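Chain by chain, the residues run as shown.
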Amino acid sequence: MATITFQGKPINTVGDLPAVGSPAPDFLLTNRKMQDVGLAEFAGKRKVLNIVPSLDTPTCAASTRKFNEKAAHLPNTVVLAVSADLPFAQVRFCEIEGIKHVVPLSTFRSSFAHDYGVELLDSILAGLTARAIVIIDEHNTVIYTQLVNEIADEPDYAAALATLN
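> Whenever I open this one, the environment of Asn-68 confuses me. Can you help?
Structurally, Asn-68 can be placed in helix 1 (residues 58-71). Sequence-wise, Asn-68 and Lys-45 are 23 residues apart; in three dimensions their C-alpha atoms are separated by 16 Å. Each residue touching Asn-68, except ones within four places of it in the same chain, is listed here: Gly-98, Ile-99, Lys-100, His-101 and Val-102.

Listed below in structure tokens is the structure:
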């Protein structure tokens, strides 16, 4: 269990992020076509998991836009925006925001949040995901993680992107 904050108040997660150097837990997340996809869908690519509570918040939207901007320039890399939003809402957000280089994926019928240790256990955000970055290499090994300490803050983009250079 990890403790982060939301507007300065403590919130607990169900567990911890996967350890750097460990195999990435497989997952089934739902894409924009309501199909379940897992790590195998992105075989041979580096995967940046931009895990956010909901794309419909200013900080989550900002981080998705930032990774969209950077994703176009990363070779052999896919950026996955993982949230509890329904795929319909994710598609609408991406269309409105012009997001073309990020794959939105929903946790709505998945154990992803629990398996990756990011499910929020308490507060008004219980059931959503904490804000986190997990980077997985082309062999499905975790090479970087960040659990953002204050859920309203953006992740450390420079540190995450440095892992990919």
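On we go.
> When you look at the environment of Asp-156 in this model, what are you seeing that I'm missing?
Following the sequence through the fold, Asp-156 ends up in the loop between strand 9 (142-147) and helix 4 (157-163). It is 16 Å that separates the C-alpha atoms of Asp-156 and Val-20, two residues lying 136 residues apart in sequence. At 3.1 Å, the side chain of Asp-156 and the backbone nitrogen of Ala-159 are in polar contact.

> Whenever I open this one, helix 1 confuses me. Can you help?
Residues spaced three or four apart along an α-helix point in a common direction, a consequence of the helix completing one turn every 3.6 residues. Over its 14 residues, helix 1 runs 20 Å from end to end, which matches the ideal 20 Å to within 8%, given 1.5 Å per residue. When helix 1 is considered as a whole, its buried residues turn out to be Thr-59, Cys-60, Ala-61, Ala-62, Ser-63, Thr-64, Phe-67, Asn-68 and Ala-71. In this structure, the buried side of helix 1 is in contact with strand 5 (46-51), strand 6 (77-83), helix 2 (87-97), strand 7 (102-106), strand 8 (132-136) and helix 4.

> Explain unusual backbone geometry to me, please; I cannot follow it from the model alone.
Glycine aside, negative phi is the norm for most residues, and most peptide bonds take the trans geometry. In this structure, Gln-7 takes a positive phi of about 55° despite not being glycine. In this structure, Gln-7 sits in the loop between strand 1 (3-6) and strand 2 (9-12).

> Please clarify how helix 2 should be interpreted in this entry.
Among the residues of helix 2, Pro-87, Gln-90, Val-91, Phe-93 and Cys-94 are the ones counted as buried. Buried residues of helix 2, seen end-on, are gathered within an arc of 160° and therefore sit on one face of the element. Opposite the packed face of helix 2, turned more than 90 degrees from it, sit the exposed residues Phe-88, Glu-95 and Ile-96. With its phi angle positive at about 70°, Gly-98 sits one or two positions after the end of helix 2.

> Can you walk me through a nonpolar patch on the surface in this structure?
On the surface, Met-34, Leu-86, Phe-88 and Phe-108 cluster together to form a nonpolar patch covering roughly 370 Å² of accessible area. Inspection of the secondary structure puts Leu-86 in the loop between strand 6 and helix 2.

Cut-offs used in this document
- Residues numbered from 1 in each chain as written.
- Predicted model: local features only at pLDDT ≥ 70, side-chain atom pairs only at ≥ 80, totals over all residues.
- Heavy atoms only, no water.
- Helix = DSSP H or I, 4+ residues; strand = E, 2+ residues; numbered from the N terminus.
- Contact = heavy atoms within 4.5 Å.
- Polar contact = N/O pair within 3.5 Å; in protein donor to acceptor, adjacent residues only side chain to side chain.
- Expected span 1.5 Å × (residues − 1).
- Buried < 20%, exposed > 50% of the residue type's maximum accessible area, 1.4 Å probe, protein only.
- Arc of directions from axis to C-beta.
- Patch = residues over 30% accessible without salt bridge, like charges linked within 9 Å, V, L, I, M, F, W, Y side chains within 5 Å.
- Areas by Shrake-Rupley, 256 points an atom, 1.4 Å probe, with all protein chains shown as cover.
- Salt bridge = Lys/Arg side-chain N within 4 Å of Asp/Glu carboxyl O.

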